[in-house]
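Structural characterization, general
Listed below are the residues making up each chain.
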Amino acid sequence: MQPTRSATETDSADPPTDDLAIEAENVHVTYADGTEAVRGVDLAVGAGEFFGFLGPNGAGKTTTIKTLVTLLHPTRGSVRINGYDTTADPRAVRESIGYMAQETSVDEELTARENVRYTCEVYGVPTGERDDRIAELLDLVGLDDVADQRAETFSGGMQKRLDAATVLVHRPPVVFLDEPTTGLDPEARLRFWEYLQSINDRGTTVFLTTQYLEEVDRLCDRLALLQDGEVVTTDTPAALKSAVGGDVLEVTLVDAADTERATRAVYRSDAFEDPTVEPTDSGLTITAENARDGIGDLFRALDEAGVAITGFDARSPTLDDVFLSLTGEERESTDEDDAVRKLEVAR
Ligand SMILES: Nc1ncnc2c1ncn2[C@@H]1O[C@H](COP(=O)(O)OP(=O)(O)OP(=O)(O)O)[C@@H](O)[C@H]1O
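In this text, all values refer to a predicted model and were calculated from it rather than measured experimentally.

Okay, the site of the ligand next. Close to the ligand lie Y31, D33, T35, A37, G55, N57, G58, A59, G60, K61, T62 and T63, which account for all nearby residues. When residues of the shell around the ligand are assigned to their parent elements, the largest contribution, three residues, is made by helix α1 (residues 61-68). Residue composition of the shell around the ligand, by class: three nonpolar, seven polar and two charged.

Now for the packing of helix α3 (residues 112-122) against helix α5 (residues 156-167). For the pair α3 and α5, the least separation of the axes is 9 Å and the interaxial angle reads 25 degrees. Accordingly, the angle class assigned to the pair α3 and α5 is roughly parallel. Like other packed secondary-structure pairs, α3 and α5 cross with a definite hand, here right-handed. Contact with α3, carried on its side by A112, N115, V116 and T119, involves L162, A165 and T166 of α5 and no other residues of that element. Broken down by class, the residue content of the contact of α3 with α5 amounts to four nonpolar, three polar and no charged.

What follows concerns α3. Listed in full, the buried residues belonging to α3 are A112, R113, N115, V116, T119 and C120. Down the axis of α3, the buried set is contained in an arc of 165 degrees. They therefore lie on one face. Exposed and facing more than 90 degrees away from the buried side of α3 are E121 and V122. On its buried face, α3 is in contact with α4 (127-140) and α5. G124 sits one or two residues past α3 and shows a positive phi near 70 degrees.

Reading across the sheet, the four strands line up as β12-β13-β11-β14 and stay open at both edges, with antiparallel pairing between neighbours. Every interior strand has two partners, whereas the edge strands, β12 (276-279) and β14 (309-315), have only one. Mean inter-strand twist for the sheet, computed between neighbouring axes without regard to direction, equals 15 degrees. The pairing of strand β11 (residues 247-253) with β14 spans six bridges and is classified as antiparallel. Bridge pairing in β14 places E250 opposite D313.

For the rest of this paragraph, the subject is the confidence of the model for the protein. Confidence in the prediction for the protein averages 86 pLDDT; 90% of positions are at 70 or higher. Considering only residues more than four positions removed or in separate chains, one finds that residues 1-11, a stretch of pLDDT under 50, has 26 contacts. Taken over the whole predicted complex, pTM reads 0.76, whereas the ipTM for its chain interfaces reads 0.97.

Per the domain assignment, the segments making up the protein are domain 1 (20-237) and domain 2 (242-346). For domain 1 versus domain 2, the distance between C-alpha centres works out to 36 Å.

Cut-off values and rules
- Residues numbered from 1 in each chain as written.
- Predicted model: local features only at pLDDT ≥ 70, side-chain atom pairs only at ≥ 80, totals over all residues.
- Near = placed C-beta within 6 Å.
- Helix = DSSP H or I, 4+ residues; strand = E, 2+ residues; numbered from the N terminus.
- Nonpolar A, V, L, I, M, F, W, Y, C, P; charged D, E, K, R; others polar.
- Axes fitted to C-alpha atoms, helices over the stretch in contact; angles between N-to-C directions.
- Parallel < 35°, antiparallel > 145°, perpendicular 65-115°, else oblique.
- Left-handed = near helix turned anticlockwise from the far one by under 90°.
- Contact = placed C-beta atoms within 7 Å.
- Buried ≥ 20, exposed ≤ 12 C-beta atoms within 10 Å, placed from the backbone.
- Arc of directions from axis to C-beta.
- Pairing = 2+ DSSP bridges.
- pLDDT = per-residue confidence, 0-100.
- Domains from an automatic or database assignment.

Okay, here's the thing in structure tokens:
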């Protein structure tokens, strides 16, 4: 079964509820060496939301999430989690959240069951409730069959799911997950997404940092896009894609050296109203309202300019286009996203 986006989806930049799980106001974090990793971040995440925090390497995602979970203090600004201020009341914050760091905290010498039992002890889950809680969580993450095997025999994906189960032992209303699927193969990522969807379906607020647009598009009610320590935009995936506007035409040229000539020909022609033309490795991408209607005129204009094409594709905007138009940066992870798509088609 494929995970689907949760039912709380809205087409708004505002959280779907007044009941906020995460509130960050003008948060700045500057490291001791002077690096300004986070520069004025505002966030308002509603209780029960599945919220994506997306950005390229080094954008400041980990620094932000560590600040939200009280491991770092804001240099300026304030953070409230479940109504508790992270600076004034860090203990209350920690008791009301789960945090899964990038590095797994699974003890490989223990079995899956022992790992979860150990975390129950750390969090003081009442002794009489532990067996049921452990069974429920191992079932939730699909590790009930291997509950008594040592974690060292697990794949990377299984270890991540075990780690995620331990994050939930004290039934926190909010969980923070820092790039939980980085390094997982496509099959393991899909299973992890199903798990994340199921914990959100149970009412848990999920704050997920990731570099994978596909992940955000599939799972998140809303997302914030971070670049150079600043939030560039916050909205639903659907609204962001429609803000890119129109259709996207991908044109592959026989000779990539013709890109400039082709770009000039597109702008000179009246095939499209107000097009945006971006060069790619093999040709160009044209974005315009009703671009599909201008395809005939486009072919004529390129032919007249002496530019030969080998391939052509018309599609609706993706989050990749959003990312490109807002950050000016091409994404690096496309191969992995393609692998997930292919796997889903094969399923
Ligand atoms: N302890 C530190 N001291 C100084 N600078 C740091 C420290 N940790 C991170 N940085 C810098 O802060 C900036 C933001 O890093 P951060 O790890 O928060 O980004 P990120 O978006 O999580 O990146 P990635 O996806 O690579 O994990 C980067 O320029 C990074 O080099």
